[in-house]
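Listed below, chain by chain, are the residues.
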Amino acid sequence: MGGMAILSGTLAEERFITPRDKPELIDNRARPEGDLSDIGPTVLHRLAPTSARAISIHIYRPPLRTMGIWDASGMLAIMPSHFDVGEEVLARSVAMPTA
């Protein structure tokens, strides 16, 4: 389970299902600044900025360790997540006092 928050700008999000192991578009919407949505390890989606600059944050629990790479023909590869935060970073952030 996870979530996505749009911190600034606007993103176009396309969500897909994968019958017969090929992606089929099921939803296409604008995600403006401040928008929140549920996402998870089984959600296949594509994001593209529609403003000059857009920033989103994606949070998964448990952390995503791999990510599928897709195109119109199907899954191309499963790649390790390079954006993983180590346990020591998480422990420090939890232990940090708040002002």
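Residues numbered from 1 in each chain as written. Predicted model: local features only at pLDDT ≥ 70, side-chain atom pairs only at ≥ 80, totals over all residues. Heavy atoms only, no water.

Q: Any chance you could explain the overall build of the protein here in plain terms?
A: Tallying secondary structure elements over the protein gives one helix and eight strands in all. For the protein, the sequential pattern of α-helices and β-strands runs β-β-β-β-β-β-β-β-α. Within the span of the protein, comprising 99 residues, buried residues form 17% of the whole. (Helix = DSSP H or I, 4+ residues; strand = E, 2+ residues; numbered from the N terminus. Buried < 20%, exposed > 50% of the residue type's maximum accessible area, 1.4 Å probe, protein only.)

Q: Could you clarify how one ought to interpret the sheet that holds strand β3 (residues 24–32) in this entry?
A: The pairing of strands in a sheet comes from backbone hydrogen bonds and takes either a parallel or an antiparallel form. Taken together, the three strands give an open sheet; going across it, the order is β3-β2-β5, and neighbouring strands pair in antiparallel fashion. Only two strands of the sheet have a single partner each, and these edge strands are β3 and β5 (44–49). Strand-to-strand twist across the sheet, computed as the mean angle between neighbouring axes with direction ignored, equals 20 degrees. Judged from the eight bridges that link them, strand β2 (residues 10–17) and β3 form a sheet pairing that is antiparallel. Along β3, the bridge assignment pairs Ala12 with Ala30. (Pairing = 2+ DSSP bridges. Axes fitted to C-alpha atoms, helices over the stretch in contact; angles between N-to-C directions.)

Q: Please clarify how the side chain of Arg15 should be interpreted in this entry.
A: Tracing the sequence through the fold places Arg15 in strand β2. Polar side-chain contacts of Arg15 include one of 2.8 Å to the backbone oxygen of Asp38. Setting aside residues no more than four positions away along its own chain, Arg15 makes contact with Glu24, Leu25, Ile26, Asp27, Arg31, Ser37, Asp38, Ile39, Val43, Leu44 and His45. (Polar contact = N/O pair within 3.5 Å; in protein donor to acceptor, adjacent residues only side chain to side chain. Contact = heavy atoms within 4.5 Å.)

Q: Even after reading the chapter, I still don't get the confidence of the model for the protein, so can you show me in this structure?
A: Do not read the fine detail of predicted coordinates wherever pLDDT is low. When pLDDT is averaged across the protein, the result is 84; 86% of the residues are at 70 or more. Per-residue pLDDT, averaged within each element of the protein, yields its smallest value for helix α1 (residues 87–95) (67) and its largest for β3 (95). (pLDDT = per-residue confidence, 0-100.)

Q: Even after reading the chapter, I still don't get the nonpolar core, so can you show me in this structure?
A: Within soluble globular proteins, side chains that are nonpolar generally end up buried alongside one another. Counting residues in hydrophobic clusters, the biggest one holds six residues: Met4, Ile6, Leu11, Ile39, Tyr60 and Leu64. In this structure Met4 touches Glu13, Arg31, Asp35, Leu36, Ser37, Ile39, His45, Leu47, Ser56, Ile57 and His58, once residues within four positions along its chain are discounted. (Core = buried A, V, L, I, M, F, W, Y, C linked by side-chain atoms within 4.5 Å.)

Q: Is there a simple way to think about the pattern of salt bridges in this case?
A: A side chain of one charge can pair with a side chain of the opposite charge if their charged atoms are brought near each other. Evaluation of the coordinates by the stated rule reveals six salt bridges. Its salt-bridge partner being Glu24, residue Arg20 comes within 2.8 Å of it at the nearest N-O pair. Residue classification places Arg20 among the exposed residues on the basis of a relative accessible area of 68%. A network of salt bridges, in which partner residues are shared, links Glu13, Arg15, Arg31 and Asp35. (Salt bridge = Lys/Arg side-chain N within 4 Å of Asp/Glu carboxyl O.)

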